[in-house]
Amino acid sequence: MNRLRGKAALLSIISMGLGQIYNRQWIKGILFLLIEAFGIYYFINNLGRALWGITSLGDTPRLLVKGKWIDGDHSIFIMIQSLITLLFLLIFIVVYVMNVRDAYHTAIKRENGQVPNSFAQSIKFVMDYKFAQAFLTLPALGILFFTIMPILFMIMLAFTNYSAPNHIPPAKLVDWVGFQTFKDLVSLKTWSHTFFGVLTWTIIWAVLSTATTYLGGLLVALLINQQGIKFKGMWRTILVIPYAIPQLISLLVMRNMFNGQFGPINQYLGYFGLGGLPWLTDPFWAKVTVILVNMWVGIPVSMILIMGVLTTIPKDMYEAAEVDGASAYQKFRIVTLPMILFSTAPTLIMQFAGNINNFNMIFLLTNGNPVVGDYQYAGATDLLVTWLYKLTLDQNKYNMASAVGIIIFLIIAIFSIYNYRRTKSFKEEDMIQ
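Everything numeric in this text was worked out from a predicted model, so none of it was measured. (Residues numbered from 1 in each chain as written. Predicted model: local features only at pLDDT ≥ 70, side-chain atom pairs only at ≥ 80, totals over all residues. Heavy atoms only, no water.)

**Focus: the nonpolar core**
Move 1: With 45 residues, the main nonpolar core has L185, L384 and W387 as its most contacted residues.
Move 2: With residues up to four places along the chain from it excluded, the contact list for L384 reads F195, V198, L199, T202, V404, I408 and I411.
Move 3: Among the nonpolar cores identified, the runner-up in size contains 15 residues, and V220, I306, V335 and I340 belong to it. (Core = buried A, V, L, I, M, F, W, Y, C linked by side-chain atoms within 4.5 Å. Buried < 20%, exposed > 50% of the residue type's maximum accessible area, 1.4 Å probe, protein only. Contact = heavy atoms within 4.5 Å.)

Next up, the structure:
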């Protein structure tokens, strides 16, 4: 009897659908055969060029012959087309494996004396028991081609010399250079000085902006939550206004308020005889400015989050602490703070990761300025993400920007995964499961 499963699997390996036809599942077998026929037709026309393109990135640049331009190979288009074809090949392989598994398991049912499902019964089984998997297939394909494929494309660019002015198609071809881009980023003085300077400020910014907004939100939430505070709703409404206003408007208004010697902020300081400060023109004060403005925008978010957590803490815990003679500080340290950290630690990690990529705050407030003379296309307040933007949109340094993007991803992924797995909420979730 084991010969049935072996023969069905062998036939499915030889050609999609043959195992289903052998198992007397005629419609399913014909559908698999049509999928294979379409796949063979598509790959005959595209797979060879895709393999050539992904390895060579083109052979013939655009040429000027007798005053006329003759089109050649466009390395970037070739890379994208090759990547799409290879992803279709991956999908085809997955379907092929599913075809073999289906024929094999259906043959096992036949060996046990069961009648294979008809096509209508198979559809009903999918709708009743595999609906979630079937329904998620289309979103999964969308994620593959509209999310994963661009990420793969960006990663591939980091290993090429795709950069102005010498390697921009169609006039020039792009070549694979391996890890040379990463090596240049950390070893060439012109690039490494900028990279490590921007990286250092990015980490400092992420730590300070996360800590100040979180601690500020914690302080404000605790103050509003204190007994004896009247008009709590009014205070919540007033303090949440900076968050309710669109960030674009808030940041542009703040940019004008801090701008120049005669900006509103410097005028207010002048009334107290403090004189004007170079808020946006001095590297140090520009960094102070973005931290202060980020506190203005970010504290309401942390406040709302922490106030929600405070309402979930049982009053019995405070009553028990009072019976034991705990002071207000001890109740905060032993009861309030652990409960807040337990609930908000994953969000705090997410905020840190988001601040590393806080493009809007820097771009809209300072545009990365003031300029630093020995930096490559970066300013004193540029983060890695805003530097990446300038490298791509302004300077066409696509390979270097892709390398920076990979580094940003690695920093965020390693930090987030490591710290999230160390939080009590993650550990206790594992214990519950």
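**Some words on the layout of surface pockets**
Where empty space is left can be seen by rolling a probe of water-molecule size over the atoms.
Move 1: Quantified by volume, the largest pocket comes out at close to 1,400 Å³.
Move 2: Broken down by secondary-structure element, the contributors of at least two residues to the lining of the largest pocket are α3 (26–56), α4 (75–111), α5 (119–129), α6 (131–135) and α7 (137–157).
Move 3: The element contributing the most residues to the lining of the largest pocket is α4, with eleven residues.
Move 4: Taken together, the residues of the lining of the largest pocket break down into 18 nonpolar, nine polar and five charged.
Move 5: Here the second largest pocket is characterised by a volume of approximately 760 Å³.
Move 6: N225, Q226, Q227, Y318 and T336 are the residues nearest the centre of the second largest pocket, which is lined by 18 residues in total.
Move 7: The set of elements that each furnish at least two residues to the lining of the second largest pocket consists of α9 (189–225), α14 (315–323) and α15 (328–356).
Move 8: For the lining of the second largest pocket, a count of residues per class yields eight nonpolar, five polar and five charged. (1 Å grid on protein atoms, 1.4 Å probe; cavity = no way out; pocket = protein on both sides within 12 Å on 5 of 7 lines; lining within 4 Å. Points joined across faces, edges and corners; volume = space filled by probe spheres on them. Helix = DSSP H or I, 4+ residues; strand = E, 2+ residues; numbered from the N terminus. Nonpolar A, V, L, I, M, F, W, Y, C, P; charged D, E, K, R; others polar.)

**Points about the packing of aromatic side chains**
Move 1: Scanning the model with the defined rule gives 24 aromatic pairs in all.
Move 2: Where W201 meets W205, the ring centres are 6.2 Å apart and the plane angle is 50 degrees; that geometry is what we call tilted. Of this pair, W201 and W205 are both found in helix α9, four residues apart, which corresponds to roughly one turn of the helix. Neither residue differs from the other here; W201 and W205 are each classed as buried. (Phe/Tyr/Trp six-rings, centres within 6.5 Å; stacked < 30°, edge-to-face > 60°.)

**Brief notes about the pattern of salt bridges**
Close approach of charged atoms allows side chains with opposite charge to pair.
Move 1: Following the criterion strictly, the structure yields five salt bridges and no others.
Move 2: Note that K28 and D102 form a salt bridge whose closest N and O atoms lie 3.2 Å from each other. Within this pair, whereas K28 is found in helix α3, its partner D102 is found in helix α4, the two being separated by 74 residues in sequence.
Move 3: Here K28 falls in the buried class, since its relative accessible area comes to 16%.
Move 4: Assessed through its relative accessible area of 22%, D102 is described here as partly exposed.
Move 5: Measuring nitrogen to oxygen at the nearest pair gives 3.1 Å for the salt bridge that ties K331 to E322.
Move 6: By relative accessible area, E322 is classed as partly exposed at 48%. (Salt bridge = Lys/Arg side-chain N within 4 Å of Asp/Glu carboxyl O.)

**Some remarks on the environment of M317**
Move 1: Its place among the elements puts M317 in helix α14.
Move 2: Counting along the chain gives 17 residues from M317 to I334, while the straight-line C-alpha distance between them is 9.8 Å.

**With respect to the packing of α9 against helix α13 (residues 283–310)**
Move 1: For the pair α9 and α13, the least separation of the axes is 6 Å and the interaxial angle reads 45 degrees. Classified by the angle their axes make, α9 and α13 are oblique. α9 and α13 meet at a crossing whose hand is right-handed.
Move 2: Of the residues contributing to the contact of α9 with α13, the split by class is 17 nonpolar, nine polar and one charged. (Axes fitted to C-alpha atoms, helices over the stretch in contact; angles between N-to-C directions. Parallel < 35°, antiparallel > 145°, perpendicular 65-115°, else oblique. Left-handed = near helix turned anticlockwise from the far one by under 90°.)

**Brief notes about the side chain of S192**
Move 1: By the secondary structure assignment, S192 is in helix α9.
Move 2: With residues up to four places along the chain from it excluded, the contact list for S192 reads L185, V186 and S187.

**Details of α4**
Move 1: Here α4 contains 37 residues, and its C-alpha end-to-end distance of 54 Å stays within 8% of the 54 Å for a straight helix at 1.5 Å per residue.
Move 2: Directly beyond the C-terminal end of α4, a positive phi value near 85 degrees is found at G113. (Expected span 1.5 Å × (residues − 1).)

**Describing unusual backbone geometry**
Move 1: Cis geometry marks the peptide bond from A164 to P165, where omega comes out at 5 degrees.
Move 2: N369 connects to P370 through a cis peptide bond whose omega is 5 degrees.
Move 3: Positionally, P370 belongs in the loop between α16 (359–365) and α17 (384–394).
Move 4: Although it is not a glycine, N396 adopts a positive phi angle of roughly 60 degrees.
Move 5: Locating N396 in the fold gives a position in the loop between α17 and α18 (398–422).

**Overview of α13**
Move 1: Here α13 spans 39 Å end to end across 28 residues, near enough to the 40 Å set by a 1.5 Å rise per residue.
Move 2: In α13, a bend of some 35 degrees at G298 exceeds every other bend along the element, and P300, a proline, comes one to four places later.
Move 3: One side-chain oxygen of the residue at the start of α13 lies 3.1 Å from the amide nitrogen of F284, identifying that residue as D282. (Bend = angle between axes of the 7 residues up to and from the residue. Polar contact = N/O pair within 3.5 Å; in protein donor to acceptor, adjacent residues only side chain to side chain.)

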